[in-house]
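Residue strings, one per chain:
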Amino acid sequence: MSKTPHALVLNCGSSSLKFAIINGQSGESIFSGLAECLGERDARLKWLFNNEKTKQDLPEGASHQQAIDSLVALIHQFELTELITAVGHRVVHGGETFTQSSLIDNDVKAAISKVAKLAPLHNPANLVGIEAAQKSFADLPQVAVFDTAFHQSMPEHAYLYALPKSLYRDHGVRRYGFHGTSHSYVSGEAAKMLQKPLDQTNVITAHLGNGCSVAAIKAGKSVDTSMGLTPLAGVVMGTRSGDIDPGIIYYLTETLDYSTQQLDNLLNKESGLKGLSEISNDCRTLEEAMFDGNQAAKLALDIFCYKLAKQIAAYMVAVGRLDALVFTGGIGENSDYIREQVINQLGFLGLELDDAANVAARFGAAGSICRNDGIQALVIPTNEEFVIASDALRLAQLSEEK
Ligand code: ADP
């Protein structure tokens, strides 16, 4: 096996742990998997190694530490230990403290803990993963890569809400934005594809997965993005509402007696494509239903595309001049239907869909999907794990040189 440095990438949720060992040069994943239902009866570990999928039960109620212990045992068993030179952790919220990835020390952990009030479900879980990995990989440098960091370049007029300023000053209530590693990666890839220096490239990137967000990127820097204080804001998502009239919250609480718990569940888990279609949160399932004649599925997808096109058009204000619109994420990379609907609504930008290229992109042919000159529409597969691995290896190398 090659001696190219590899990083172990960890993404810890409250009851899950995703992992991958990534080649720092090619971005190839040589071992990946997921521990799920942690803390529950049926905790288990699934992985992919040498094209073979395997599943193993973990002890009942297994913790993150136990999942990492099992992962370490597998890494030894597959003789991958020597390859790993750094551990990269995906951390959801970096608040205003982190504008870039950071080598983890006690101060960094304290800062992550401090901003946990902004992401109470995610940051504590990320910290659990960090602590467990520090125990198991005590000799390796550990690096935190933040979902919010790329968007810290947004100007005040983009990140401030029109609320009393004290809410920002005293409590940090502002737009932070998420999916930063993905927006950053695909904007860099777009500049390469366009053969332009990144600092002269303006793109609007649409990351469309289960969560969806759009970012306006001017001269390589994020200047606005659709998610806000939390990942609930912006465009329609699988189960999240995206932007709604905040007055609806009063109506739900005062008139319909919703508790905060019920509101959270409604807006985060029961809305979006799922709530609109009453069928599924899954774009592919809805497309199949629509092609079978289901009108509710069609309407849900119409609303998804309309709001997305509207958001992209709005970001023309943020970038001023546009080189390319980029589609990425599970939907952005795979759904030629969604791309077609969105691009057709953006014809006034000069975009003309190339039908053959759009369909070809469904089968993994990244690149331009329009036949006009000027503003391009690009499909670019994202690779968040590669960004995390690259940052981990780069910072590990820097710390060694010091
Ligand atoms: P996550 O945000 O969880 O990482 P993904 O980026 O994998 O999610 O995106 C999941 C979404 O991508 C789902 O809505 C799924 O239906 C959609 N998707 C994947 N493949 C296709 C396809 N061929 N056509 C339409 N939608 C697809």
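Presented here is an overview of the structure given in this document. Here, residues in each chain are numbered from 1, in the same order as that chain's written sequence. Note on the predicted model: pLDDT of at least 70 is required for a residue's local features to be given, and 80 or more for side-chain atom pairs to be given and counted; whole-chain, interface and lining totals, by contrast, use all residues. Remark: hydrogens and water are excluded; side-chain values derive from all non-hydrogen atoms of the structure.

1. Digging into the packing of helix 7 (residues 247-255) against helix 8 (residues 260-269)
To obtain each axis, a line is fitted to C-alpha atoms, and for helices this fit is confined to the stretch in contact; angles are then taken between N-to-C directions over 0 to 180 degrees. We count a stretch as a helix when DSSP gives it H or I for four or more residues in a row; a strand needs E for two or more, and each element gets its number in order from the N terminus. Where helix 7 contacts helix 8, the axes come no closer than 11 Å and their chain directions differ by 135°. Classed by the angle they form, the pair helix 7 and helix 8 counts as oblique. Taken as a pair, helix 7 and helix 8 cross one another with a handedness that is right-handed. Facing Ile249, Leu252 and Thr253 of helix 7, the residues of helix 8 in contact are Leu263, Leu266 and Leu267. Residues are sorted three ways: Asp, Glu, Lys and Arg are charged, Ala, Val, Leu, Ile, Met, Phe, Trp, Tyr, Cys and Pro are nonpolar, and all the rest, Gly among them, are polar. Considered class by class, the residues forming the contact of helix 7 with helix 8 number five nonpolar, one polar and no charged. Working definition: roughly parallel below 35 degrees, roughly antiparallel above 145 degrees, roughly perpendicular at 65 to 115 degrees, and oblique for all remaining angles. Take the far helix as your reference; a near helix turned counterclockwise from it by less than a right angle gives a left-handed crossing, and one turned clockwise gives a right-handed crossing. Residue contacts follow a heavy-atom distance rule, with two residues in contact if any of their heavy atoms lie within 4.5 Å.

2. Section: the packing of aromatic side chains
By convention, a stacked pair of Phe, Tyr or Trp rings (six-membered ring in the case of Trp) has centres within 6.5 Å and planes under 30 degrees apart, an edge-to-face pair has planes over 60 apart, and any other such pair is tilted. Across all of its chains, the model carries eight aromatic pairs by this definition. Here Tyr159 and Tyr168 contribute two aromatic rings whose centre-to-centre distance is 5.8 Å and whose plane-to-plane angle is 50°, an arrangement assigned as tilted. With respect to class, Tyr159 is no different from Tyr168; both count as buried. Counting every residue linked through ring pairs, the aromatic cluster contains Phe19, Phe31, Phe49 and Phe78. Taking the ring centre of Tyr159 as reference, the NZ or CZ of Arg174 above it sits at 3.6 Å. The cut-offs for exposure are 20% and 50% of the maximum accessible area for each residue type, with area from a 1.4 Å probe on protein chains only; residues under the lower value are buried, those over the upper are exposed, and the others partly exposed. Whether a charge sits over a ring comes down to the Lys NZ or Arg CZ being within 6 Å of the ring centre and within 35 degrees of the ring normal.

3. Points about unusual backbone geometry
Within the chain, Cys37 stands out as a residue other than glycine whose phi angle is a positive 60°. Looking at where Cys37 falls in the secondary structure, it is placed in the loop between strand 3 (29-36) and strand 4 (44-49). According to the relative accessible area criterion, Cys37 is buried, its value standing at 16%. One non-glycine residue, Glu278, adopts positive backbone phi at about 60°.

4. Observations concerning the sheet that holds strand 8 (residues 142-146)
Note on pairing: DSSP must find at least two bridges between two strands before they are called paired. Pairing within the open sheet is mixed, and its eight strands lie in the order 5-4-3-2-1-6-8-7. Unpaired on one side and paired on the other, strand 5 (52-57) and strand 7 (102-103) mark the two borders of the sheet. Bridge analysis of strand 1 (residues 6-12) against strand 2 (residues 17-23) gives seven bridges, and the strand direction is antiparallel. Residue pairing in the sheet places Asn11 in a bridge with Lys18 of strand 2. In the packing of helix 1 (residues 64-77) onto the sheet, contacts are made with strand 1, strand 2, strand 3, strand 4, strand 5 and strand 6 (84-91), and the angle to strand 1 comes to roughly 155°.

5. Some words on the site of the ligand
When we say a residue is near a molecule or strand, we mean one of its heavy atoms is within 4 Å of it. Around the ligand lies a shell formed by Gly209, Asn210, Gly211, Asp282, Cys283, Arg284, Glu287, Gly329, Gly330, Ile331, Asn334 and Ser335. For the purposes of these results, a polar contact is taken to be a pair of N or O atoms within 3.5 Å, where, inside protein, one atom must be able to donate a hydrogen and its partner to accept one; residues adjacent in sequence count only when each atom of the pair is a side-chain atom. Contact between the ligand and Asn210: an oxygen atom at 2.9 Å from a side-chain N or O atom of the residue. Between the ligand and Cys283 there is a distance of 3.1 Å, counted from an oxygen atom to a backbone nitrogen or oxygen. In isolation the ligand exposes 580 Å². Once the protein is present, 70% of that is buried. The set of elements that each furnish at least two residues to the shell around the ligand consists of helix 10 (283-291) and helix 12 (329-334). Counting residues per element, the shell around the ligand draws most heavily on helix 12, which supplies four residues. A breakdown of the residues in the shell around the ligand according to their chemical character gives two nonpolar, seven polar and three charged. Per-residue accessibility takes into account occlusion by the displayed protein chains alone, with areas from the Shrake-Rupley method and a 1.4 Å probe.

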